[in-house]
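Residue-level listing of the chains:
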Amino acid sequence: MTTLDPAPVPDTVPDAAPTAGPGPAAPSSLVPTLGGRWYTDPGIFAAEQDRILERSWTCVAHAGDLAAPGAYRTVTVGRESIVLVRGRDQGIRAFFNVCRHRGARLCVEPEGQVRRSLQCPYHAWTYDLTGTLIAAPNLTSMPDVDRVSNGLAPVAVREWIGYVWVCVAPDPPSFESDVIGSVITRLGDVESIEHYGIEGLALGRRISYDVAANWKLIVENFMECYHCATIHPELTEVLPEFADGYAAQYFVGHGAEFGEEVQGFTVDGSAGHGRIPGVAEAQDRRYYAITIRPQVFVNLVPDHVIVHRMTPLAPDRTLVEVDWLFLPDVVASGVDLDPSVELFHRVNVQDFDACERTQPAMPSRVYADGGSLVPSEHHIAEFHRWVQDRLAPDHP
Amino acid sequence: MIYACQLTDLPRGGSLRLTDLPGSPPVALFHTEDGELYAVDDTCTHQDASLADGFVEDCAVECPLHAAIFDLRTGEADGMVARFPVRAHRVMIEDGAVHLQLSEAVPYLPPGARRSVAS
C-alpha cells in the first residue's frame, strides 16, 4: 500500500468470521459479527466514506426544507460538503460547496436564503442558482473564462418520497435498483410504500440526535428486535410480537401487528390520527420498517411515517435526523402530535443509548474478533457482507 | 447613432453587452419584461462587473456582484453600494433595428475597468 491511495483499505482488515476450527461444523445458532476494529478504525471509516458513503445515493433533506427559490442547505456526504438550493425554476440542485476560484467554502451556514445567487465571501465569485458563474470582480476583462465550466460543480440529485437524494460519485449507481430496490426487497413491491403517499405528507416534528456510536451499530440495531422486549417497553406494548425478538425486517412484506387493545401507534396506545387515505386494509394497524443502505430508515404506520437519516461524522460519531410526517391537515390543525412522536422518540433514545453503551467496548481485546448474532439477528450478517464487499479492493 | 441589434434578437427579459463602441466603454442594452428598452454603461461604478449580467426589476438593474442598483431611465446609483451613476443612453427603433445615441457625458469607471479601457 502506498500513502498516495486516497482512502486505503487497511491491509489488515479483519475477516467477519474468525477462522473456523478443524472440520465442517454443524449449523450454529451463533453467527459471528464484525470484529471490534470495524467500529473504531479510522482507516476503515475512511474507506467506508470513500467506498460506501460517497458512492451511494444519500438522503439529505426534506424537499420542504427548501421552501422557496433561493432557499439553501449545506449537508455532509462522506467527506464532502454539498450545498442544496432551490432554483427560480423551482428545481432543486446540488453542488459541491467549493468555490471554483480558490476553493473557499461557499456557504458556511447550515441553511439560509439568498435572493438570486450564491456568492463566495472571499473574492465574490458569484454563481446563479443553476451554478453558472455570473459575476466576479474584473470578469469582463477575462472574456475567455467559460462561465459553465468554471461554474459550481454539480452533484446528481433525485427527489423521491418527498426527500432530496444526492450522489457525489461521477457515475451514480441506479437509483431504481439501489434505493427503490431496497424498498422492494423489504416490502415485496413498491406499491406498498406508495400507498402512504409520503411525498404529500407534511413535516410534523424533527428531532436530531448526535450519537456517540459508529453508524453500523445504529444500522444493526435498527435491523433486529432481539433487544426490543428489554429496552423498548412502550414499543413492545404497542407491537406485542416484538417480544419474540423477530423484527419486521426479518421478513419480506411483513408488518408487525398492533396489540388488540392498542388504538394507535402512540406512546400509550391511545388513538392516533386518521389513517392515510391510500393505506390498504391489510396495512392498517401494522408497523413496517425498511432500511435503505447506507443511511436511511423508513417506518410506516397507518397515520404517519417516520424517516431516519444518518450522517456518519467519525468512526464513533453519527448524526441522526428523524422526521415525523403526517397528513398536511393533521399538522395544520395544530392537534397535539406528542403522543405519536413520543413513542418513537423514546425508541430512538433507548436505541442510541444502547449503541453508545456498545461503542466504548469495541476496542476491547475480547471483542477483537467480534461477538455473535443469534438466529433472530442472522440477517444482519448479510449487512456485514455487504459492507465488506463494498470495501473489497476488487469491488467495482 | 450606433446600430446595436435587431429587436427580434433581444427578447423581453434579455440583455446585451455591446463592446468596441467608438470612444465609449461597453454599454448594456436591456429589453425588460414590460417591453421597454434601456441602455446604460455596462460597467458597475462600484467595482468592475457587467450590469448586462445583472437582474432587472421594474426600471432598475441590480449588479450581480454586490447588488448595487441603478435606475435604467437615468443611470442614477442607489447611493448605498455604488455612489456614482452610470450614463444612460438614448434607444431608438427603426424598421426593427435598435440604435443607440450615446451620452456625451464623461463615463465614470471603477479602477479596474479604467485600467482595462486605457490599455
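Described below are features of the structure shown in this document. Given the structure is predicted, the values throughout are model-derived calculations rather than measurements.

1. With respect to the state of the cysteines
Structurally, a disulfide amounts to a covalent bond that connects the sulfur atoms of two cysteines. Residues and elements named next belong to chain A. For the structure on display, the rule yields 1 disulfide over all chains. Residue Cys225 pairs covalently with Cys228 via a disulfide, S to S 1.9 Å. Handedness here is read from the sign of the S-S torsion; for Cys225 and Cys228, about -105°, the answer is left-handed. You'll find Cys225 and Cys228 in the same group, each marked buried. For Cys59, which is in no disulfide, the shortest distance to another cysteine sulfur is to Cys167 and amounts to 13 Å. Here Cys355 is not disulfide-linked; the sulfur of Cys228 is the nearest cysteine sulfur, at 12 Å.

2. What to know about the pairing of strand S2 (residues 58–62) of chain A
Residues and elements named next belong to chain A. Burial of S2 is extensive: 5 of the 5 residues sit out of reach of the surface. Of the pairings in the sheet, the one linking S2 to strand S11 (residues 163–167) comprises 4 bridges and is antiparallel in character. Looking at the pairing, His62 lines up with Tyr163 of S11.

3. Description of the layout of surface pockets
Residue and element names in this part refer to chain A. Considered as a void within the structure, the largest pocket measures approximately 530 Å³ in volume. For the lining of the largest pocket, the elements supplying multiple residues, two or more each, are helix H4 (215–223), helix H5 (228–231), helix H8 (338–358), strand S18 (372–373) and helix H9 (380–391). If one sorts the elements of the lining of the largest pocket by residue count, H8 sits on top with 4 residues.

The rules behind the values
- Here the residue index of a chain counts from 1 through its sequence in written order.
- As a convention, the first chain written is A and the first ligand written is 1, with the rest following in written order.
- Per-residue local features are limited, in this predicted model, to residues with pLDDT of at least 70; the limit for side-chain atom pairs, both in listing and counting, is 80 or more; totals at the level of whole chains, interfaces and linings are taken over all residues.
- Remark: hydrogens and water are excluded; side-chain values derive from all non-hydrogen atoms of the structure.
- To count as a disulfide, a pair of cysteine sulfur atoms needs to be within 2.5 Å.
- Classification of residues uses two cut-offs on accessible area relative to the type maximum, computed with a 1.4 Å probe and protein chains only: under 20% is buried, over 50% is exposed, and between them is partly exposed.
- Every helix listed is a DSSP run of H or I at least four residues long, and every strand listed is a run of E at least two residues long, numbered separately from the N terminus.
- Here the rule is simple: two strands pair whenever DSSP picks up at least two bridges between them.
- Whether a set of points on the 1 Å grid over the protein atoms alone is a cavity depends on a 1.4 Å probe fitting there but being unable to get out, while an open set qualifies as a pocket with protein on both sides within 12 Å along at least five of seven lines; lining residues are those with an atom within 4 Å of a point.
- Grid points are joined across faces, edges and corners, and a volume is the space filled by probe spheres set on the points.

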